[in-house]
2 protein chains.
Amino acid sequence: MGGDFAPDAIVQGARLACEDGLSVLLVGDERRLKPLVGDAAIRIVHTPTALGMDAGASEVRRHDDASVRLAMRLVSAGEATSVVSCGSSAATLVSAVIELGTLDGVDRPAIVIELPRSDGDLVLLDAGASADCKPRHLETFALLGTAWARAKGVDAPKVGLLSNGEERGKGNRLVREAYALLDAAAIDFIGNVEPDDALAGKADVLVCDGYTGNVVLKAAEGLVASLQERLRTAIRGSWRARLGAWLLAPALRDVRDQLDWRHQGGALLLGAAAPVVVGHGRADADATRAAIAQAHYASREGAVRELARALSDRSRAHGGSLDDARRDR
Amino acid sequence: MGGDFAPDAIVQGARLACEDGLSVLLVGDERRLKPLVGDAAIRIVHTPTALGMDAGASEVRRHDDASVRLAMRLVSAGEATSVVSCGSSAATLVSAVIELGTLDGVDRPAIVIELPRSDGDLVLLDAGASADCKPRHLETFALLGTAWARAKGVDAPKVGLLSNGEERGKGNRLVREAYALLDAAAIDFIGNVEPDDALAGKADVLVCDGYTGNVVLKAAEGLVASLQERLRTAIRGSWRARLGAWLLAPALRDVRDQLDWRHQGGALLLGAAAPVVVGHGRADADATRAAIAQAHYASREGAVRELARALSDRSRAHGGSLDDARRDR
């Protein structure tokens, strides 16, 4: 029921995923969903309550019959393996913490995105689950990001703190306060990192609060869209340019696809005890289909199990659980 | 003396500006500057003290002989009309407030940048002067941005508050607290705006704290650089693509130039009582030359005078000075 084009686009996406061979359950208002589902082999789990895009934490806690909470409970009950939500990221976060719980040592899950670079991905978190963070949350994100990058094959991930300057003492109050915590954490912390340096390969993991991460992500999306629009206009301007663009098109296909979030689905909520994919609020049918496929692969490949292992390996290597390590400080 | 490649690149840039017919004064350590200046017609104003890129406000206040402060005093004394600094933005801000003062009703100047769009520019502030802001600073930025957009010919600029969601209540604590102030201000406030919507034309002015604005700006720079690198790689891959790129190149020249900050110089510190250009920390000779040209045009075209007029028009239209308006709340 969540997302700017719900439930129509979401149901369409679920039908496409169903045609791909995946088994999908839809949670929401049966009267609205049933006509959209038609004769597709999709089970509807009814609940009349859906949270709005502006739902805050207290609203989520009050409504235990909200569709996003019910979807999470299906995973706890073993009736589903993962959850996709295109609704409010904050509501999805709170629901996941209440219904699924978090991995050992994780007090606050984070939305992780991987920004493609020429030389391996850049792992960025939090990309939008928690607009207001405390320093210890950034520490958790650094541990999660390190474990995630290791699970993805990066041997010793370099962790940077997203900042407006690389010198220690730069950044806002949160960055300055988190610096010491990250410096003492069991990670390869390389200090403050500016986003352009991170994109150029300086860091493998970049941590920030969810407000900043989300704004950066959406600014990047907007920039790409605006560039594409201006390129199209420039190309239409002359026959020479049109011919050039046609010759160039096949070579650029990969770059273009990587830039299109519709191909990528959503983003994992890292640190929750089961795979949760936060879809794009503007998800259309194709984006929803991609998000469902992503949730399927995350559960099939044991992404959460692998993450839990990487987290506990890391803490064992430093003589104790993450909780112990935190209590010691 | 400020900037990653100072003083060499800065002096080279000053020499280029000098060749362009501009009159430049260099403020800093004469022993280091003299050999670089050579026989160019550039006056050196000596001071042994230069602040580092990590200089904080208290350091700036302690050193009244710092090169950036001395440069500002040359403007107060009528020996120069504008200032360019590629050093710490925070130090430039504090120096400007101490030495030049601010326009009526402005308690905190902000770095303004104009992001090119297909349909007019997007005015973004603060792009990096104040990493930590209070709600009333965002209100000042909204007033400054409105006046600036009006001075640039936008009739009734729509002002958005940069946020991770458009619903009221989204954003971090600062955004939520600033919302009411902006809503009550004498501007056309359209609420929370996501950066992609702003780039698509929803807002004319976008306000945020300097940490967020700077991170967004640098992420955009990094994204453009990474895209260019990947396009180059893709193009090198085949003869067909190379031919296409060659045919396309003339049509893309404008787009490319707009994306290159080296062509744009720096950014104005809006709200200071005289033109101050904050150059890029990584400014090379060309970027320095462009920043000097920008400072020259800002003083010649009376940008600050126009801004002051727009600010006072605005407050008169609402029956009182900005200070009165603020006291009333």
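Everything numeric here is computed off the predicted structure, so don't read it as measured data. (Residues numbered from 1 in each chain as written. Chains lettered and ligands numbered in written order. Predicted model: local features only at pLDDT ≥ 70, side-chain atom pairs only at ≥ 80, totals over all residues. Heavy atoms only, no water.)

Re the overall build of chain A
Cut-off, in case you're wondering: Every helix listed is a DSSP run of H or I at least four residues long, and every strand listed is a run of E at least two residues long, numbered separately from the N terminus. With the radius of gyration taken over C-alpha atoms, the globule rule is written as 2.2 Å times the number of residues to the power 0.38. Here the term buried applies to any residue with accessible area under 20% of the maximum for its type, exposed to any over 50%, and partly exposed to those in between, with areas from a 1.4 Å probe on protein chains only. We call two residues in contact whenever any of their non-hydrogen atoms come within 4.5 Å of each other. For every accessible area listed, the method is Shrake-Rupley and the probe measures 1.4 Å; residues are considered covered only by the protein chains on display. Two residue types count as positive, namely Lys and Arg, and two as negative, namely Asp and Glu; His and chain ends fall outside the count. Taken as the charge location is NZ of Lys, CZ of Arg, CG of Asp or CD of Glu.
Assigned secondary structure in chain A consists of 14 helices and 10 strands. Relative to its length of 329 residues, chain A is compact, with a C-alpha radius of gyration of 21 Å against a globular reference of 20 Å. For chain A, the spread of C-alpha atoms along the principal axes amounts to about 60 × 55 × 30 Å. Across the 329 residues in chain A, those meeting the buried criterion constitute 54%. Sequence-distant contacts in chain A: of pairs separated by 6 or more residues, those separated by 24 or more amount to 69%. Put simply, chain A shows about 14,100 Å² of open surface, and 48% of that area lies on carbon and sulfur atoms. For chain A, the separation between the mean place of its 40 positive charges and that of its 45 negative charges on side chains is 2 Å.

As for the sheet that holds strand S3 (residues 83-85) of chain B
All names here are of chain B. Worth spelling out the cut-off: If DSSP finds at least two bridges between two strands, the strands pair. Fitting a line to C-alpha atoms yields each axis, with helices limited to the stretch in contact; the angle taken between N-to-C directions then spans 0 to 180 degrees.
The strand order across the open sheet formed by 8 strands is S3-S10-S9-S4-S5-S8-S6-S7, and the pairing between neighbours is mixed. A strand with exactly one partner marks an edge of an open sheet, and here the two such strands are S3 and strand S7 (188-193). Neighbour-to-neighbour, the strand axes of the sheet open up by a mean angle of 30°, direction not taken into account. As defined by bridge partners, S3 adjoins strand S10 (residues 276-278) across 3 bridges and the pair is classed as parallel.

Description of the state of the cysteines
How we decide: By definition, disulfides here are pairs of cysteine sulfur atoms that lie within 2.5 Å.
Going through the model one piece at a time under the given rule, you end up with 0 disulfides over all chains. Between A:Cys208, a cysteine without a disulfide, and A:Cys133, which holds the nearest cysteine sulfur, the sulfur-to-sulfur distance is 8.2 Å. Of the cysteine sulfurs around B:Cys18, a residue in no disulfide, the closest is that of B:Cys86, at 17 Å.

Some points on the relation of the copies chain B and chain A
Filter applied, for reference: For this overlay, a least-squares fit was computed on C-alpha atoms, restricted to residues scoring pLDDT of at least 70 in both copies.
Superposing chain B onto chain A requires a rotation of 180° together with a translation of 0.0 Å along the rotation axis, leaving an RMSD of 0.0 Å. Such a turn and shift between the copies fits a two-fold axis. Closest approach to the rotation axis among the C-alpha atoms of chain B is made by B:Gly244, whose C-alpha sits 1.9 Å away. Both copies present the same face, since 100% of the interface residues in chain B are matched by interface residues at the equivalent positions in chain A.

What to know about the packing of aromatic side chains
All names here are of chain A. Defined as follows: Each aromatic pair joins two rings of Phe, Tyr and Trp (for Trp, the six-membered one) with centres within 6.5 Å, and gets the label stacked for planes under 30 degrees apart, edge-to-face for over 60, and tilted for any other angle.
All told, the structure shown has 2 aromatic pairs over all chains when counted by the stated rule. Ring geometry for tyrosine 179 versus phenylalanine 189: centroids 5.1 Å apart, planes at 80°, classification edge-to-face. One end of the pair, tyrosine 179, is in helix H7 (residues 173-184); the other, phenylalanine 189, is in strand S7 (residues 188-193), and 10 residues separate them in sequence. Residues tyrosine 179 and phenylalanine 189 agree in their burial class; the two are buried.

Some points on the confidence of the model for chain A
Residue and element names in this part refer to chain A. To keep things clear, this is the line we draw: What pLDDT expresses is the predictor's confidence in each residue, scored from 0 to 100.
Of the residues in chain A, 93% reach a pLDDT of 70 or more, and the chain-wide mean stands at 90. Contacts of residues 319-329 to residues separated by more than four positions or lying in other chains number 16 contacts, the stretch itself having pLDDT below 50. For this predicted complex, the interface confidence score (ipTM) comes to 0.88, while the overall pTM stands at 0.89.

What about the interface of chain B and chain A?
Under the convention used in this document: Accessible area, probed at 1.4 Å, shrinks when two parts are joined; the buried area is that loss added up over both. Here, a salt bridge means any Lys or Arg side-chain nitrogen found within 4 Å of an Asp or Glu carboxyl oxygen.
Taken together, the 55 residues of chain B in the interface contact 55 residues of chain A. Counting each side, the surface lost to burial between chain B and chain A is near 5,100 Å², with a carbon and sulfur contribution of 64%. Three residues stand out in chain B for area buried against chain A, namely B:Tyr211, B:Arg230 and B:Arg240, and they jointly supply 15% of the buried area on that side. Taken together, the links from chain B to chain A amount to 10 salt bridges.

Description of the side chain of B:Glu221
All names here are of chain B. Using the following cut-off: Any pair of nitrogen or oxygen atoms within 3.5 Å is treated as a polar contact; in protein, a donor-acceptor pairing is required on top of that, and neighbouring residues in sequence qualify only through side-chain atoms on both sides.
For glutamate 221, the location among the structural elements is in helix H9 (residues 210-236). The side chain of glutamate 221 is buried and forms no salt bridge, while arginine 282, the nearest opposite charge, is found at 5.9 Å. Of note is the side chain of glutamate 221, whose polar atom sits 3.1 Å from the side chain of histidine 280.

Some points on the environment of A:Arg15
Residues and elements named next belong to chain A. Among the secondary structure elements, arginine 15 is positioned in helix H1 (residues 8-19). A relative accessible area of 29% means that arginine 15 is categorised as partly exposed. Distance in space between the C-alpha atoms of arginine 15 and alanine 285 is 8.8 Å, their sequence separation being 270 residues. In this view, arginine 15 contacts Leu36, Val37, Gly38, Asp39, Ala40 and Ile42; residues no more than four positions away in its chain are not counted. From its side chain, arginine 15 meets the backbone oxygen of leucine 36 in a polar contact 3.2 Å long.

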